[in-house]
Amino acid sequence: MKKNDFILIGIILVLAVSFIGYHFLKGKDESAEVVITVDGKAYGTYDLAADQTININGTNTLVIQDGQADMKDADCPDKLCVHQKAISRDGESIICLPNKIVVTIEGGKKSELDAVAK
Amino acid sequence: MKNKAAYFGVFTALALIFSYVEMLIPIQFGVPGIKLGLANLMIVIMLYKSGPKDALLLSVVRIVLSGFLFGNLFAIIYSLAGGILSLAVMALLKKRGTFSVMGVSIAGGVCHNIGQLVVAMAVVETYRVGYYLPVLLIAGTVTGMLIGIVSNEVLKRIRRLNLQN
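The name recorded for chain B in an unreviewed UniProt entry is Gx transporter family protein, from Faecalicatena faecalis.

Under an unreviewed UniProt entry, the name given to chain A is NusG domain II-containing protein, and the organism recorded is Faecalicatena faecalis.

### Side note on the overall build of chain A
Helix and strand content of chain A: three helices and seven strands. Considering chain A as a whole, with its 118 residues, one finds that 38% of them fall into the buried category. Across chain A, the fraction of contacts at a sequence separation of at least 24, relative to all contacts at a separation of at least 6, is 32%.

### A short note on the overall build of chain B
Helix and strand content of chain B: six helices and zero strands. For chain B, the succession of helices and strands along the chain, N to C, is α-α-α-α-α-α. A buried classification covers 50% of the 165 residues belonging to chain B. In chain B, once contacts between residues fewer than 6 apart in sequence are set aside, the share between residues at least 24 apart is 73%. Total accessible area on chain B stands at roughly 8,200 Å², and carbon and sulfur atoms take up 69% of it.

### Focus on the UniProt feature "transmembrane region" (unreviewed entry) in chain A
Here the UniProt feature "transmembrane region" (unreviewed entry) sits at residues 6-25 of chain A. A distance of 28 Å separates the end C-alpha atoms of residues 6-25 of chain A, which is 100% helix and 0% strand.

### A closer look at the pattern of salt bridges
Taken as a whole, this structure holds five salt bridges over all chains when the rule is applied. Its salt-bridge partner being K100(A), residue D39(A) comes within 3.8 Å of it at the nearest N-O pair. Taken together, the residues D39(A) in the loop between β1 (33-38) and β2 (41-47) and K100(A) in the loop between β6 (93-96) and β7 (101-106) connect sequence positions 61 residues apart. Judged by relative accessible area, D39(A) falls into the partly exposed class, the value being 33%. For K72(A), the salt bridge goes to D70(A), with nearest N and O atoms at 3.1 Å. Judged by relative accessible area, which is 47%, K72(A) ranks as partly exposed. Look at the salt bridges and you will find they share partners, linking E153(B), K156(B) and R157(B) into a network.

### What about the sheet that holds strand β4 (residues 60-65) of chain A?
Residue and element names in this part refer to chain A. Strand order in the open sheet formed by three strands is β3-β4-β5, and the pairing between neighbours is antiparallel. Every interior strand has two partners, whereas the edge strands, β3 (52-56) and β5 (68-74), have only one. Across the sheet, the mean angle from the axis of one strand to that of its neighbour is 20°, orientation sign disregarded. As judged from the six bridges shared by β4 and β5, these two strands associate in the antiparallel manner. Bridge pairing in β5 links L62 to M71.

### Some details on the pairing of β7(A)
Residues and elements named next belong to chain A. Judged by how many residues are buried, β7 sits mostly within the fold: five of six residues are covered. Across six bridges, the pairing between β1 and β7 is antiparallel. Within β7, the position partnered with V35 by the bridge is T104. Counting the residues between successive antiparallel strands, the hairpin from β6 to β7 contains four residues, one of them, K100, with a positive phi of roughly 55°.

### Notes on the sheet that holds β6(A)
All names here are of chain A. Here we have four strands laid out as an open sheet, ordered β2-β1-β7-β6, and antiparallel in their pairing. Looking along the sheet, the strands with just one partner apiece sit at the ends: β2 and β6. If you compare each strand with its neighbour and ignore which way they point, the axes differ by 15° on average.

### Details of the interface of chain A and chain B
With 29 residues of chain A at the interface, the matching set in chain B holds 28 residues. Both faces considered, chain A and chain B share a buried interface measuring about 2,600 Å² in area, 70% of it formed by carbon and sulfur atoms. Elements supplying a minimum of two residues to the side of chain A that touches chain B: α1 (3-26), α2 (80-83), β6 and β7 of chain A. With eleven residues, α1(A) is the single largest residue contributor to the side of chain A that touches chain B.

### Let's talk about the nonpolar core
The biggest cluster of nonpolar side chains holds 47 residues, and the ones touching the most others in it are F11(B), M46(B), L47(B), L58(B), M90(B) and I106(B). Among the elements of the structure, α1 of chain A together with α1 (4-24), α2 (38-49), α3 (52-70), α4 (73-96), α5 (101-124) and α6 (133-157) of chain B are those that each provide at least two residues to this core. At eleven residues, α5(B) tops the list of elements feeding residues into this core. Once residues lying within four places of it in the same chain are set aside, the contact partners of L58(B) are F8(B), F11(B), T12(B), M42(B), I43(B) and M46(B). Within the second largest apolar cluster, 20 residues are counted, among which are V38(A), I56(A), I64(A) and M71(A).

Cut-offs applied
- Residues numbered from 1 in each chain as written.
- Chains lettered and ligands numbered in written order.
- Predicted model: local features only at pLDDT ≥ 70, side-chain atom pairs only at ≥ 80, totals over all residues.
- Heavy atoms only, no water.
- Helix = DSSP H or I, 4+ residues; strand = E, 2+ residues; numbered from the N terminus.
- Buried < 20%, exposed > 50% of the residue type's maximum accessible area, 1.4 Å probe, protein only.
- Contact = heavy atoms within 4.5 Å.
- Areas by Shrake-Rupley, 256 points an atom, 1.4 Å probe, with all protein chains shown as cover.
- UniProt positions renumbered as here; feature names shortened; annotations may be inferred.
- Salt bridge = Lys/Arg side-chain N within 4 Å of Asp/Glu carboxyl O.
- Pairing = 2+ DSSP bridges.
- Axes fitted to C-alpha atoms, helices over the stretch in contact; angles between N-to-C directions.
- Buried area = accessible area lost by both parts, 1.4 Å probe.
- Core = buried A, V, L, I, M, F, W, Y, C linked by side-chain atoms within 4.5 Å.

Right, here's the structure in full:
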C-alpha cells in the first residue's frame, strides 16, 4: 500500500460520511408525504401519517404503517424492493427497477407552520 | 506472445465463473446491487499483466456473456456502464503510477458502483437514487480493498506469466 492509497480511501470515506450526515441531519418529518412515480411519471401522493395499503399498478404492494412506508410485495423475480428496509425520512426511497417504480418520502412540502395556521 | 489467445480464453472463463459464483451467494445488505465483484479480480489482473486494451475487451466480453447467461438486457447495460467507467479510472490511476494495486482496485470498485448508479438515475428518471451513494461508496471501498489484496497476491505468484507483446 502506498501513501496515495490511504489518501484515496480517506477521501471516499469522508465523502460517504458527509452524505450520511446530511441525510440524518434533515431528520424525520411527521407531516411527510409518500410520493410514488412509475416510469418517471407521478402515480400518487399519500400521507405518511395515515396507515394504508397501496396497490401500485397491480404489480407492487406498498404498506404505510406507523409513519413508515414498506414495500410488502412485488411480482418481479428478484424482490429487491421487498427486501429493502422501510423508509420514513425525507429523501429516502424504495426503488423497484423491473417495474420502474420509485417510492420517495417528501417532507418539505408541508411545514409545521402551515399545520398551525390551519 | 504466441499463447495469448489461450490465456485470454482462460481469463474469460475464470471471469465468467466468478460472475456465476457471485450470483450463487445470497447476501442481502438492505441495498440492492452490492456484491463482491469477484469478476473484477480478473479485470485488475489483466490490466496489470497486459494493458487497458485487453482488460477492456475482457470486461466487455465478460459482461455481455454473463448478462445473456444469468441476467437480462438491463443487467448488461448497468454492468457495462459500471465496468467501463471503472476500467477507465483504473487505467488512469495505474498509468500515473502513484497508486498500488490496492488503490487502483478500490477506485475501480467505487467507480463501478457510481457508473451503475448513474444509469439507474437515468432509467428511473430521478436523482433520488443518489440516496444510495454513501452506502455504495463504502461498499465499493471495502470490496475494492478485498479484490486489491487478492489481486496483489495473485500478481506476485504469476510474475513469470508474460502477456505483453
